[in-house]
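Fold and contact review
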Amino acid sequence: GTDTPIQELIDKRLRVSAKYGASSAESLYFDFICSFGLVGLLLLIHLVFMLFKDFKYAVSSFNPRFHIVYGSLGSLMVYGLFNSFHSTMFFVLLLYVIYLLSRKEYISEL
């Protein structure tokens with residue numbers, strides 16, 4: 001008795017979205033912390049700290065690939081302040097791993 005057809009869930013979500021202006025009520029940060037708990041909070045703090053720390057290198061033209069990854073992750077984090085979407089976790093974790101690999105690569109260049 002607890003099964004709900006997917007179409008019913010989609011219809012309910014569309015009605016709620018239309019009623020409140022089609023924007024998500026949650027933030028990427030709240031979603032990440034609620035999903036991963038204390039570990040998620042620590043990961044977010046680490047990520048934000050590294051983004052601020054690498055800002056000077058990212059705006060320089062030493063490594064265009066790092067610049068693209070930094071810009072993508074940074075814009076996702078800024079967007080995440082105000083909204084969240086269904087595949088946000090996937091994109092944040094994917095870009096986080098790519099960012100760490102790119103960062104490791106540029107540190108070895110210095």
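Residues numbered from 1 in each chain as written. Predicted model: local features only at pLDDT ≥ 70, side-chain atom pairs only at ≥ 80, totals over all residues. Heavy atoms only, no water.

1. Topic: the overall build of the protein chain
Along the backbone of the protein chain there are five helices and zero strands. Helices and strands in the protein chain line up, N terminus first, as α-α-α-α-α. Within the protein chain, the fraction of its 110 residues that count as buried is 31%. When the accessible area of the protein chain is evaluated, it comes to approximately 7900 Å², of which 70% is carbon and sulfur surface. (Helix = DSSP H or I, 4+ residues; strand = E, 2+ residues; numbered from the N terminus. Buried < 20%, exposed > 50% of the residue type's maximum accessible area, 1.4 Å probe, protein only. Areas by Shrake-Rupley, 256 points an atom, 1.4 Å probe, with all protein chains shown as cover.)

2. Points about helix H2 (residues 28-53)
Over its 26 residues, H2 extends only 21 Å from the first C-alpha to the last, a length that falls short of the 38 Å expected when each residue adds 1.5 Å. A maximum bend of about 135 degrees is found in H2 at Gly 37. Taken residue by residue, H2 has Leu 28, Tyr 29, Phe 32, Gly 40, Leu 44, Leu 47, Met 50 and Leu 51 as its buried positions. (Expected span 1.5 Å × (residues − 1). Bend = angle between axes of the 7 residues up to and from the residue.)

3. Considerations on the side chain of Asp 54
Tracing the sequence through the fold places Asp 54 in the loop between H2 and helix H3 (55-59). Excluding residues within four positions of it along the chain, Asp 54 makes contact with Phe 66, Tyr 70, Tyr 99, Arg 103 and Tyr 106. (Contact = heavy atoms within 4.5 Å.)

4. Some details on the pattern of salt bridges
Throughout the structure, instances matching the rule amount to one salt bridge. Its salt-bridge partner being Arg 103, residue Asp 54 comes within 2.6 Å of it at the nearest N-O pair. One end of the pair, Asp 54, is in the loop between H2 and H3; the other, Arg 103, is in helix H5 (residues 88-109), and 49 residues separate them in sequence. Arg 103 matches Asp 54 in its accessibility class, with the two residues each being buried. (Salt bridge = Lys/Arg side-chain N within 4 Å of Asp/Glu carboxyl O.)

5. Remarks on the packing of H2 against helix H4 (residues 64-82)
As a packed pair, H2 and H4 sit with axes 12 Å apart at the nearest point and diverge in direction by 135 degrees. In terms of axis orientation, H2 runs oblique to H4. The element H2 and its partner H4 pack so that their crossing is left-handed. Across from Leu 28, Tyr 29, Leu 44, Leu 47, Val 48, Leu 51 and Phe 52 in H2, the residues of H4 making contact are Tyr 70, Leu 73, Leu 76, Met 77, Gly 80 and Leu 81. Here the contact of H2 with H4 is built from residues that sort into twelve nonpolar, one polar and no charged. (Axes fitted to C-alpha atoms, helices over the stretch in contact; angles between N-to-C directions. Parallel < 35°, antiparallel > 145°, perpendicular 65-115°, else oblique. Left-handed = near helix turned anticlockwise from the far one by under 90°. Nonpolar A, V, L, I, M, F, W, Y, C, P; charged D, E, K, R; others polar.)

6. Re a nonpolar patch on the surface
Together, Leu 38, Leu 41, Leu 42 and Ile 45 line one region of the surface with nonpolar side chains, adding up to about 390 Å² of accessible area. For Leu 38, a relative accessible area of 62% corresponds to the exposed category. (Patch = residues over 30% accessible without salt bridge, like charges linked within 9 Å, V, L, I, M, F, W, Y side chains within 5 Å.)

7. Focus: the packing of aromatic side chains
Overall, the coordinates contain six aromatic pairs when judged by the stated rule. The interplanar angle of 25 degrees and the centroid separation of 5.6 Å between the aromatic rings of Phe 66 and Tyr 99 together place this pair among those described as stacked. In this pair, Phe 66 is assigned in helix H4 and Tyr 99 in helix H5, connecting sequence segments 33 residues apart. Seen from their ring centres, Tyr 70 and Tyr 99 are 6.3 Å apart, and the 45 degrees between their planes marks the pair as tilted. Of the two residues, Tyr 70 sits in helix H4 while Tyr 99 sits in helix H5, which places them 29 residues apart along the sequence. Residue classification places Tyr 99 among the buried residues on the basis of a relative accessible area of 0%. Chaining the aromatic ring pairs together yields one cluster made of Phe 55, Tyr 57, Phe 66, Tyr 70 and Tyr 99. (Phe/Tyr/Trp six-rings, centres within 6.5 Å; stacked < 30°, edge-to-face > 60°.)

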